[in-house]
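Descriptive structure summary
If you want the building blocks of each chain, they are given just below.
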Amino acid sequence: MAATATVAWLPAAILLFVAQVACEYGMVRVVSEMGGPKGKDYCILYNPQWAHLPHDLSKASLLQLRDWTASMLCSPSDLPAKGFSNQIPLVTRGNCTFYEKVRLAQGSGAHGLLIVSKETLVPPGGNKTQYEEIGIPVALVSHKDMVDIFKSFGRAVRAALYAPNEPLLDYNMVIIFIMAVGTVALGGYWAGSRDVRKRYMKHKRDDGPEKQEDEAVDVTPIMTCVFMVMCCSMLVLLYYFYDHLVYMIIGIFCLASSTGLYSCLSPLVQRLPFGKCRVRDNNLPYFHKRPQVRMLLLALFCVAVSVVWSIFRNEDQWAWILQDALGIAFCLYMLKTIRLPTFKACTLLLLLLFIYDVFFVFITPFLTKSGNSIMVEVATGPMDSATHEKLPMVLKVPRLNTSPLALCDRPFSLLGFGDILVPGLLVAYCHRFDIQVQSSRIYFVACTIAYGIGLLVTFMALALMQRGQPALLYLVPCTLMTSGALALWRRELGMFWTGSGFADLPQPSWALATAQGPQPPKESEAVLSQQPPGKAQVMPAMPAEQPPELAEPKDGAGVSTQEPTGLPGASA
């Protein structure tokens, strides 16, 4: 039964998708007949099968816009006595079909028809015979825009309907590309260097709680599967209960992004020469560890930035800058905290998310009643959402050109955090492997370049198809195939696949001594060498109660300093 129902839904979904393709966004330029303020563009949704709109504003006729919203325009009695000669009437949506409204308007001399809708804008549809009969454009405009028109320009206004061509690519893609590739490169480099450094610094004592770094979390296959189930469940729940869950996601983002911002800025603040004093002894949570004043001020700053964004998050003029800064900090923090231990784990995670991305972008339109992609609907916010909130888990940059799409539907270009984090985890693994095998970071550089190429391919697909694209469809093959091919070419595929290069590293002798604690001297170690008769060798004594890690190396005679046996490039 389920298979039959799915097959039955497919033709309906395809027809709905075709109907949506027929509708297009356009603009109505409104100016006052009395001079006054400069003209302004408003969004309209029209169906080119009724009548085409000119692409150039200079070729559009500037006609009188007549407010006839008191009427539904469903019968001849609703027409004014003198008709709509050389006018564009504004009428209210409802009570009859679009065809009946536009037929009456055209018969009374109108040169266009704008239908005011308090609901979500839908394409004004009809059939082939009706399309052939009608010769004037008909479009829908929102009630909010209609109110703004008469409030800003008064009742005596003129309007011109036009539909400028959409540019293939917006210049804001350059900004998104720089932010994404920069975050992946910096996060992968930082995560790889930090991971290797910690392997050789376990003997060091932390001089304060604020210098303790969070332990990295190794991702296991079970964790990957659980993560995938959680992703699918959360996405479906957001699709059906968006207005109820969106505030929870915003709260999680505020908490996680402020933590990430603190993690990114703390190494810089610790280099400052002031603010090293600590708070007094107390029993308060967190404060009982006596953090430094400068770190406490940093924490307050990070929380304040997150709170400011949460208050002004819907300010399109500048709030996107704060969101992108917090988002980049969050991504860097996650790349530093989550670690894929093997290329096998990388492949499993990336392939599962590849399937997840493709399914929820390309397959779900055939399974939903609206014919919309679940992924795109959730990422951009449902059109019928009562809250009009947007999910913050994206990098967003406003469109830099003027187009109907920017004005009506998507004023921002978006790139999800997952399209940065997922390939970034592979880049971090490549950097760690580079340092272990001393390959001059060839894996790290190659994988980062592959990510940039995959992102460019994503932008090209977006320009050609003019619809939302699953970025992982292009990023996963580019990064995985490049990394695997490079390992195969260098004859290191086995080590790269299992991550065995990390397990076989020799531990420094001082690290082993620290881990094992003070050991009684063995008999074989008591005699260092066979001494000539009459000469004795004196060994410097170390206090029994002093652990090896507290013995500071000196340059004096008779005391030898021991260097770590780590690989070149692993800085302490």
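First things first, this report covers the structure right here in the doc. (Residues numbered from 1 in each chain as written. Predicted model: local features only at pLDDT ≥ 70, side-chain atom pairs only at ≥ 80, totals over all residues. Heavy atoms only, no water.)

A separate point is the overall build of the protein chain. Each helix and strand counted, the protein chain has 19 helices and 11 strands in total. Counting only residues that meet the buried cut, the protein chain has 42% of its 572 residues in that class. For the protein chain, the exposed area adds up to about 31000 Å²; of that, 63% sits on carbon and sulfur atoms. (Helix = DSSP H or I, 4+ residues; strand = E, 2+ residues; numbered from the N terminus. Buried < 20%, exposed > 50% of the residue type's maximum accessible area, 1.4 Å probe, protein only. Areas by Shrake-Rupley, 256 points an atom, 1.4 Å probe, with all protein chains shown as cover.)

Before going further, it helps to examine the nonpolar core. Counting 77 residues, the largest nonpolar core has Tyr 356, Ile 420, Leu 426, Tyr 451, Leu 455 and Phe 496 as its most contacted members. Ranked by residue count, the leading element in this core is helix α7 (residues 242-269), at 10 residues. In this structure Tyr 451 touches Ala 180, Val 181, Val 184, Asp 419, Ile 420, Pro 423, Leu 475 and Thr 479, once residues within four positions along its chain are discounted. Residues Leu 65, Leu 114, Val 116 and Leu 161 belong to the second largest nonpolar core, which totals 22 residues. (Core = buried A, V, L, I, M, F, W, Y, C linked by side-chain atoms within 4.5 Å. Contact = heavy atoms within 4.5 Å.)

Okay, the packing of aromatic side chains next. Applying the stated rule across the entire model yields 16 aromatic pairs. Summarising the aromatic geometry, the rings of Tyr 443 and Phe 496 are spaced 5.0 Å apart at their centres and angled 20° between planes, so their arrangement reads as stacked. Of this pair, Tyr 443 sits in helix α14 (residues 442-465) while Phe 496 sits in helix α16 (residues 493-498), and the two are 53 residues apart along the sequence. On the accessibility criterion, Tyr 443 (1% relative accessible area) is buried. Taken together through their ring pairs, the aromatic side chains of Phe 343, Tyr 429, Phe 433, Tyr 443, Phe 496 and Trp 497 make up a single cluster. Taking NZ or CZ as reference, Arg 155 lies 4.4 Å from the ring centre of Phe 150, over its face. Across the ring face of Phe 412, the terminal group of Lys 396 is positioned such that the distance to the ring centre comes to 4.2 Å. (Phe/Tyr/Trp six-rings, centres within 6.5 Å; stacked < 30°, edge-to-face > 60°. Lys NZ or Arg CZ within 6 Å of the ring centre and 35° of its normal.)

It is worth spelling out the state of the cysteines at this point. Inspection of the entire model under this criterion finds one disulfide. Across the disulfide, Cys 74 is cross-linked to Cys 96 (sulfur-sulfur distance 2.1 Å). With the S-S bond torsion at -80°, the cross-link from Cys 74 to Cys 96 turns out left-handed. Taken together, the residues span a long stretch of sequence, with Cys 74 in the loop between β3 (63-67) and β4 (87-92) and Cys 96 in the loop between β4 and α2 (98-107) at a distance of 22 residues. Cys 331 forms no disulfide, and the closest cysteine sulfur to it belongs to Cys 264, at a distance of 9.7 Å. Exposure remark for Cys 331: the relative accessible area of 1% places this residue in the buried category. (Disulfide = S-S within 2.5 Å.)

Another point: the packing of helix α6 (residues 221-240) against helix α10 (residues 343-363). Between α6 and α10, whose axes approach to 10 Å, the crossing angle comes to 15°. Classified by the angle between their axes, α6 and α10 sit roughly parallel to one another. Of the two elements, α6 crosses α10, and the hand of that crossing is right-handed. Across the interface between the two elements, Pro 221, Thr 224, Phe 227, Met 228, Cys 231, Cys 232, Leu 235 and Val 236 from α6 touch Leu 348, Leu 349, Leu 352, Leu 353, Tyr 356 and Phe 360 from α10. Partitioning the contact of α6 with α10 into residue classes produces 13 nonpolar, one polar and no charged. (Axes fitted to C-alpha atoms, helices over the stretch in contact; angles between N-to-C directions. Parallel < 35°, antiparallel > 145°, perpendicular 65-115°, else oblique. Left-handed = near helix turned anticlockwise from the far one by under 90°. Nonpolar A, V, L, I, M, F, W, Y, C, P; charged D, E, K, R; others polar.)

What follows concerns the side chain of Ser 306. Position of Ser 306 relative to the elements: it lies in helix α8 (residues 293-311). Classification of Ser 306 by relative accessible area gives buried; the value is 4%. In this view, Ser 306 contacts Cys 254, Ser 257, Ser 258 and Leu 326; residues no more than four positions away in its chain are not counted.

Of all five residues in strand β11 (residues 412-416), four are buried, a share of seventy percent or more. Where strand β10 (residues 394-398) lies against β11, five bridges are found, and the strand directions are antiparallel. The residue bridging Lys 396 from the neighbouring strand is Leu 414, located in β11. (Pairing = 2+ DSSP bridges.)

This part is about the pattern of salt bridges. Taken as a whole and assessed by the stated rule, the structure comprises seven salt bridges. Among the salt bridges present, the one from Asp 67 reaches Arg 155, with a minimum N-O distance of 2.4 Å. Here Asp 67 is found in strand β3, whereas its partner Arg 155 is found in the loop between α4 (143-153) and β7 (157-162), with 88 residues between them in sequence. Asp 67 gets classed as partly exposed once you look at its relative accessible area, which sits at 28%. For Arg 490, the salt bridge is made with Glu 492, and the minimal N-O distance between the two is 3.2 Å. Exposure remark for Arg 490: the relative accessible area of 27% places this residue in the partly exposed category. (Salt bridge = Lys/Arg side-chain N within 4 Å of Asp/Glu carboxyl O.)

For α6, with 20 residues, the first-to-last C-alpha span of 29 Å sits near the 28 Å given by 1.5 Å per residue. Residues of α6 that are buried: Thr 224, Met 228, Cys 231, Leu 235, Leu 238 and Tyr 239. In an axial view of α6, the angular spread of the buried residues amounts to 110°, which keeps them on one side of the axis. Relative to its buried face, α6 has exposed residues pointing more than 90 degrees away, namely Ile 222, Val 229, Met 230 and Tyr 240. Each element contacted by the buried residues of α6 is listed here: α7, α10 and α11 (374-380). (Expected span 1.5 Å × (residues − 1). Arc of directions from axis to C-beta.)

On to the environment of Leu 455, then. One can find Leu 455 in helix α14. For the pair Leu 455 and Tyr 474, spaced 19 residues apart in sequence, the C-alpha to C-alpha distance is 7.2 Å. For Leu 455, the contacting residues outside a window of four places in its chain are Phe 177, Ala 180, Val 181, Leu 415 and Leu 475.

To continue, consider α14. With 24 residues, α14 extends 34 Å from end C-alpha to end C-alpha; this agrees with the ideal 34 Å at 1.5 Å per step. Among the residues trailing α14, Gln 466 stands out with phi positive, at a value near 55°.

Moving on, we get to a nonpolar patch on the surface. Taken together, the side chains of Met 234, Val 236, Leu 237, Tyr 240, Phe 241, Met 248 and Ile 252 make up a nonpolar region of the molecular surface, amounting to roughly 640 Å² of accessible area. Secondary structure elements with two or more residues in the nonpolar patch: α6 and α7. Looking at the secondary structure, you find Leu 237 in helix α6. (Patch = residues over 30% accessible without salt bridge, like charges linked within 9 Å, V, L, I, M, F, W, Y side chains within 5 Å.)

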